[in-house]
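Residue strings, one per chain:
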Amino acid sequence: MNKKIEKILYLPNPRGFCAGVERAINIVELSLEKYGPPIYVRHEIVHNPWVVNDLEEKGVIFVDELDDIPDGQRVIFSAHGVSSEVKKEASIKKMDFTDATCPLVLKVHFEAKRHFDNGFHIFLIGHKGHPEVDGTMGQIPKNSITLLENENDINSLDKDKYDKVALITQTTLSVDDTAKLIKLLKKKFPDIIEPPREDICYATTNRQMAVKSIANKCDAIYVIGGENSSNSIRLVEVAKKSGCRNNFLVSDINSVDWKEMEKFKSIGLTASASAPEILINEFLKIINKKFKVEIRKNTIANENITFKLPKELRE
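Structure report, in brief. (Residues numbered from 1 in each chain as written. Predicted model: local features only at pLDDT ≥ 70, side-chain atom pairs only at ≥ 80, totals over all residues. Heavy atoms only, no water.)

Moving on: the overall build of the protein chain. Scanning the protein chain from terminus to terminus reveals 12 helices and 12 strands. A total of 315 residues make up the protein chain; the buried ones form 51% of that total. Looking at the protein chain as shown, the accessible area adds up to about 15,400 Å², and 48% of this sits on carbon and sulfur atoms. Of the side chains in the protein chain, 46 bear a positive and 46 a negative charge, and the two mean positions are spaced by 6 Å. (Helix = DSSP H or I, 4+ residues; strand = E, 2+ residues; numbered from the N terminus. Buried < 20%, exposed > 50% of the residue type's maximum accessible area, 1.4 Å probe, protein only. Areas by Shrake-Rupley, 256 points an atom, 1.4 Å probe, with all protein chains shown as cover. Lys, Arg positive; Asp, Glu negative; His and termini not counted. Charge placed at Lys NZ, Arg CZ, Asp CG, Glu CD.)

Before going further, it helps to spend a moment on the nonpolar core. One finds Val41, Ile45 and Ile76 to be the most contacted residues of the largest nonpolar core, which totals 25 residues. Counting only elements with at least two residues in this core, the list comes to helix H1 (19–35), strand S2 (39–42), helix H2 (49–57), strand S3 (60–63) and helix H8 (202–215). Ranked by residues supplied to this core, first place goes to H1 with seven residues. Apart from the residues within four sequence positions on either side, Ile76 is in contact with Ile27, Val28, Ser31, Ile39, Tyr40, Val41, Arg42, Ile45, Thr98 and Ala100. If you look at the next biggest cluster of nonpolar residues, it comprises 21 residues, including Leu9, Val256, Met261 and Ile287. (Core = buried A, V, L, I, M, F, W, Y, C linked by side-chain atoms within 4.5 Å. Contact = heavy atoms within 4.5 Å.)

With respect to the helices and strands, Arg42 occurs in strand S2. Polar side-chain contacts of Arg42 include one of 3.1 Å to the side chain of Glu65. Residues within four places of Arg42 in sequence aside, it is in contact with Val63, Asp64, Glu65, Leu66, Val75, Ile76, Phe77, Ser78, Val82 and Val86. (Polar contact = N/O pair within 3.5 Å; in protein donor to acceptor, adjacent residues only side chain to side chain.)

This brings us to the environment of Leu11. Note that Leu11 resides in strand S1 (residues 6–13). A relative accessible area of 3% means that Leu11 is categorised as buried. In contact with Leu11, other than residues within four places in its own chain, are Leu269, Ile280, Leu284, Ile295, Arg296, Lys297 and Asn298.

Put plainly, two cysteines are in a disulfide when a covalent bond ties their sulfur atoms together. Throughout the structure, instances matching the rule amount to zero disulfides. With no disulfide partner, Cys102 has as its closest neighbouring cysteine sulfur the one in Cys18, 6.0 Å distant. With no disulfide of its own, Cys244 lies 5.7 Å from the sulfur of Cys218, the closest cysteine sulfur. Under the relative-accessibility criterion, Cys244 is labelled buried at 1%. (Disulfide = S-S within 2.5 Å.)

On to the packing of aromatic side chains, then. Taken as a whole, this structure holds eight aromatic pairs when the rule is applied. Ring geometry for Phe248 against Phe264: centres 6.2 Å apart, planes inclined by 50°, an arrangement best described as tilted. You can see Phe248 sitting in strand S10 (residues 246–250) and its partner Phe264 sitting in the loop between helix H10 (258–261) and strand S11 (266–271), a full 16 residues away along the chain. The exposure class assigned to Phe248 is partly exposed, which follows from its relative accessible area of 23%. When its relative accessible area of 4% is taken as the criterion, Phe264 is described as buried. Centroid distance Trp258 to Phe283: 5.1 Å. Interplanar angle 50°. Geometry classified as tilted. One end of the pair, Trp258, is in helix H10; the other, Phe283, is in helix H11 (residues 277–290), and 25 residues separate them in sequence. Residue Trp258 is classed as buried on the basis of its relative accessible area of 13%. Its relative accessible area of 0% is what places Phe283 among the buried residues. Put simply, the rings of Tyr222, Phe248, Trp258, Phe264 and Phe283 pair up and form one aromatic cluster. (Phe/Tyr/Trp six-rings, centres within 6.5 Å; stacked < 30°, edge-to-face > 60°.)

Shown next as structure tokens:
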């Protein structure tokens, strides 16, 4: 194809892997080196098909539950976190396990347990069925925590039913949508205890801000990320709400409709916190072959956060 069509491609930063995802993947790869395959991982280590396929080729077996793992095998818990019951089950089964839960998710777990110990009922803003939400709700008794997904859930709460209440949130939500829900919840419960620091993680916030910075300049935005990834889906939603009419979630570069792209003069490209930079590079390689492209970069935040690996993998 001749490079007849000139395009402006906005490439915002930060994008791609966050510190929690890098740590989780490192835990799996170092476990492969130390213990050899197979290594079992309960649920996808992170929600990205490229990462999952790459690790499977190296000898990782992803399972839904501990019952799917043969006796005596090691297991790694995903970055999304697990309930207390899952850890207890692993101990009963005498399974050696490594917890790859993101430290920022663990912070929310600690908040939930602290509030419960202090006699509070906890409201969790999040998405039903997401592994992170299941793990957080599984830290304390079921009757002490209520999941809130939308305004209707908040409006239907009986204020007189609760005495002391506290708030926590999933780490990968839309910053703006969550702020609206928190405002509504505080109107109903003025004395609600909020997190000392926002539960939505720095990486989620930064990537959403980066998309906002380019949305009204773009005819289309392509978000590289998994279809089951909360932070990826939120980026697409943020792009739309921030003024970009055409937005695409790309879980496989081969699924991109390059013909359709011809009608877009300016496009944006980003990757969610669970998507590797290699996929951005693959996208750029193809688009540069097909079109004459001018790349415009902008950085809205610099990230230099790292998280320690578990002790047994640092030795």
